[in-house]
Amino acid sequence: ASAAAVRRRQPETERAREENMFRLMTLRSSATAVASSSHAARLFSSAIAARPLVSCVSSIFPQHQNCLLGPTHTSTQITVRNATKKAGGSSNNGRDSAGRRLGVKVWPGRIAKAGSIIVRQRGKKFLCGENVGMGNDHTIFALAAGVVKMEKSVHNKKRNIVHIVAEG
């Protein structure tokens, strides 16, 4: 006897139960295959796909509902946080040094003590005249006490010559 002939002999309700059971097992095996692919798929397959199966099984085999499906998971809400402020880029600038306080310290016509600084400068914008010395950093200082006097250089109009007129 063939399987089709045996099927024809079975009552209609028993055949329908077997077909439903076969469909149920096929659905369950495909759901577990999807669920094994990733954790997120496992959550969704158990939460979403298992709900229709529960109603199908409860209508066909109410006594086998728990053993066929196993424990069902409750759906878990996954929250994703997004940035609320645009990320700022880094800059290589943003550093600065304090000013070097360069310039004329004792102006022409004023009295300078011996050893006092008259001009602080970078380079030789001011040149040395009478009773004036120059330091390693081009600082001009008074060698004797007296009144400061400045005049333009004859050779270079951009240069000033600093003199001390000694008090007498």
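Below is a short write-up of the structure. (Residues numbered from 1 in each chain as written. Predicted model: local features only at pLDDT ≥ 70, side-chain atom pairs only at ≥ 80, totals over all residues. Heavy atoms only, no water.)

Time to look at the sheet that holds strand 8 (residues 160-166). Strand order in the open sheet formed by four strands is 2-7-8-4, with mixed pairing between adjacent strands. Every other strand in the sheet has two partners, leaving strand 2 (111-112) and strand 4 (126-128) as the edge strands with one partner each. Pairing between strand 7 (residues 146-152) and strand 8: seven bridges, direction antiparallel. Residue pairing in the sheet places lysine 149 in a bridge with histidine 163 of strand 8. (Pairing = 2+ DSSP bridges. Helix = DSSP H or I, 4+ residues; strand = E, 2+ residues; numbered from the N terminus.)

On to a positive patch on the surface. Taken together, the side chains of Arg100, Arg101, Lys105 and Arg122 define a basic patch exposed on the protein surface. What makes arginine 101 exposed here is its relative accessible area of 57%. (Patch = residues over 30% accessible without salt bridge, like charges linked within 9 Å, V, L, I, M, F, W, Y side chains within 5 Å. Areas by Shrake-Rupley, 256 points an atom, 1.4 Å probe, with all protein chains shown as cover. Salt bridge = Lys/Arg side-chain N within 4 Å of Asp/Glu carboxyl O. Lys, Arg positive; Asp, Glu negative; His and termini not counted. Charge placed at Lys NZ, Arg CZ, Asp CG, Glu CD. Buried < 20%, exposed > 50% of the residue type's maximum accessible area, 1.4 Å probe, protein only.)

Glancing now at the nonpolar core. Of all hydrophobic cores here, the largest spans 12 residues; its members are Val104, Val106, Ala112, Ile118, Val119, Phe126, Val132, Ile140, Ala142, Val148, Val162 and Ile164. Put simply, the parts of the chain that give this core at least two residues each are strand 3 (117-120), strand 6 (140-142) and strand 8. Sequence-distant contacts of alanine 112, defined by excluding residues within four places in its chain, comprise Val106, Ala142, Ala144, Ala145, Gly146, Val148 and Ile164. (Core = buried A, V, L, I, M, F, W, Y, C linked by side-chain atoms within 4.5 Å. Contact = heavy atoms within 4.5 Å.)

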